[in-house]
Every structure is written in structure tokens, then in C-alpha cells.
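# Coordinates in review
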Amino acid sequence: MADAAKPMITDVFVAGARKGWNIATTSTLPNVLMAFIIIYALELTGALQGMAWLFGPVMKLFGLPGEAAAVLIGGWMSMGGGVGVAISLFEKGILSGEHLAILAPAIYLMGSQVQYAGRILGVVGIPAKRIPLMIALSVLNAFCAMLIMRVLILE
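Rules used throughout
Residues numbered from 1 in each chain as written. Predicted model: local features only at pLDDT ≥ 70, side-chain atom pairs only at ≥ 80, totals over all residues. Heavy atoms only, no water. Salt bridge = Lys/Arg side-chain N within 4 Å of Asp/Glu carboxyl O. Helix = DSSP H or I, 4+ residues; strand = E, 2+ residues; numbered from the N terminus. Buried < 20%, exposed > 50% of the residue type's maximum accessible area, 1.4 Å probe, protein only. Contact = heavy atoms within 4.5 Å. Core = buried A, V, L, I, M, F, W, Y, C linked by side-chain atoms within 4.5 Å. Axes fitted to C-alpha atoms, helices over the stretch in contact; angles between N-to-C directions. Parallel < 35°, antiparallel > 145°, perpendicular 65-115°, else oblique. Left-handed = near helix turned anticlockwise from the far one by under 90°. Nonpolar A, V, L, I, M, F, W, Y, C, P; charged D, E, K, R; others polar. pLDDT = per-residue confidence, 0-100. Patch = residues over 30% accessible without salt bridge, like charges linked within 9 Å, V, L, I, M, F, W, Y side chains within 5 Å. Areas by Shrake-Rupley, 256 points an atom, 1.4 Å probe, with all protein chains shown as cover.

## Some points on the pattern of salt bridges
- Counted by the stated rule, this structure contains one salt bridge.
- Put simply, K92 and E43 hold a salt bridge, and the shortest N to O gap is 3.3 Å. Of the two residues, K92 is situated in the loop between α4 (79-91) and α5 (97-109) and E43 in helix α1 (residues 9-45); the sequence distance between them amounts to 49 residues.
- Residue classification places K92 among the partly exposed residues on the basis of a relative accessible area of 33%.
- The class for E43 is partly exposed, based on a relative accessible area of 30%.

Rendered as C-alpha cells:
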């Protein structure tokens, strides 16, 4: 019995490329674009400097400027947004490559919690009273990862 239903590798590739294009254009790109606009607005209004002053002491523990808090807040709301904020601050010279290396694990460890908490945790039946603890643990993991990355970067 021949396996006539087996798709060609080119068909599989094209189908995957279409799915990837759809994700990039409907999810990732809008989040990154939004992040560039938010950073521009924060910088224009002076709020970015206020954020740097407010979060500077905490971010200094991780070897980061205070503006790096915008990356964490953006990543917490949307992973693509956090990456976009990081790229925007890097492009402006506020963040360095070392800063990005410290921030990257945190973006992914606590990424998109605001966006997905209700969609995923609520649907699978997690009691609402446990969701804040789950979010806090992810944020704690992210901060621990930044400390570890700082140590690794300094070596």
C-alpha cells in the first residue's frame, strides 16, 4: 500500500511559511510597532526620564539604567512589545548589548502575562486566587535570571 497522502516537503514548507507570515503580520509586528511609538511618546513627554529616575535604583542592582524598566513593563504586557521597547532603547543608545543580554531572559520568563493570564489560566480552571501568586513567581524568576545574567556578563 503506497502512502499517496504524504505531502511534499515543499508544500509543508510553504504552509509553514504562510503561518509564520500570518503570525508576524498580525501579532508580532503590531506589538513591536506599538513599542516604538510608546517609547517615542514617553521620550517626548519626559516620562521616560521620570521612569529612569523612579526605577533607577532597582535597575542598578541588575547593572541596568532606569529606562530598562520600560522593557520589563512592556514585556510583561506583551512579549513582542517588550522586544520592541528593548530595540527602541538600544537604537537610541540608552541600552547596550550587555543590557539586552541581561534583559532577554526576563522578557521571556514573564512575557505577555497580562495578555494571556485570563485567556489561558482562566480557561484551564486555575482558581482566580492563585493567579497573582503565579504571576509573582514568574516576575521573581525573571529578576533572578537578570541577576544571574549580570554575573555571567561581568565574568
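## Considerations on the environment of M77
- Here M77 lies in helix α3 (residues 68-77).
- Taking the C-alpha atoms as reference points, M77 and M8, 69 residues apart in sequence, are found 39 Å from one another.
- Not counting residues within four places of it along the chain, the set of residues in contact with M77 comprises S112, V114 and Q115.

## Things to note about the nonpolar core
- Grouped together as the largest cluster of nonpolar side chains are 23 residues, with contacts concentrated most on L64, V71, L103 and M146.
- Elements with a contribution of two residues or more to this core: α1, α2 (47-60), α3, α4, α5 and α7 (131-154).
- A total of five residues in this core trace back to one element, the largest contributor, which is α3.
- Excluding anything up to four places from it in sequence, V71 contacts G82, V85, A86, L89, L95, L103 and I107.

## Here's the deal with the packing of α1 against α4
- It is the contact of α1 with α4, at a shortest axis distance of 7 Å, that shows an interaxial angle of 45 degrees. For the element pair α1 / α4, the angle class is oblique. You can see that α1 and α4 cross each other, and the crossing is right-handed. On the side of α1, the interface is formed by N31, V32, A35, F36 and I39, while α4 contributes G80, G81, G84, V85, I87, S88 and L89.
- The class makeup of the residues in the contact of α1 with α4 is seven nonpolar, five polar and no charged.

## Re the side chain of S88
- Among the structural elements, S88 can be located in helix α4.
- We classify S88 as buried; its relative accessible area is 1%.

## Things to note about the confidence of the model for the protein
- When pLDDT is averaged along the protein, the result is 86, and 94% of the positions lie at 70 or above.
- Looking across the protein, the model is least confident in helix α6 (residues 113-122), with a mean pLDDT of 71, and most confident in α5, with 95.

## Considerations on a nonpolar patch on the surface
- Side chains of I73, W76, M77 and V114 sit close together on the surface and give an oily, nonpolar patch of about 330 Å² of accessible area.
- The dominant element in the nonpolar patch, judged by the number of residues it contributes, is α3, at three residues.

## Details of the packing of α5 against α7
- Here α5 crosses α7 at 155 degrees, and the two axes come no closer than 8 Å. If you check the angle between α5 and α7, you find them roughly antiparallel. Once α5 is placed against α7, the crossing between them reads as right-handed. Along its contact with α5, which presents E98, A101, I102, L103, P105, A106 and L109, the element α7 presents S138, N141, A142, A145, M146, M149, R150 and I153.
- Its residues placed into classes, the contact of α5 with α7 shows 11 nonpolar, two polar and two charged.

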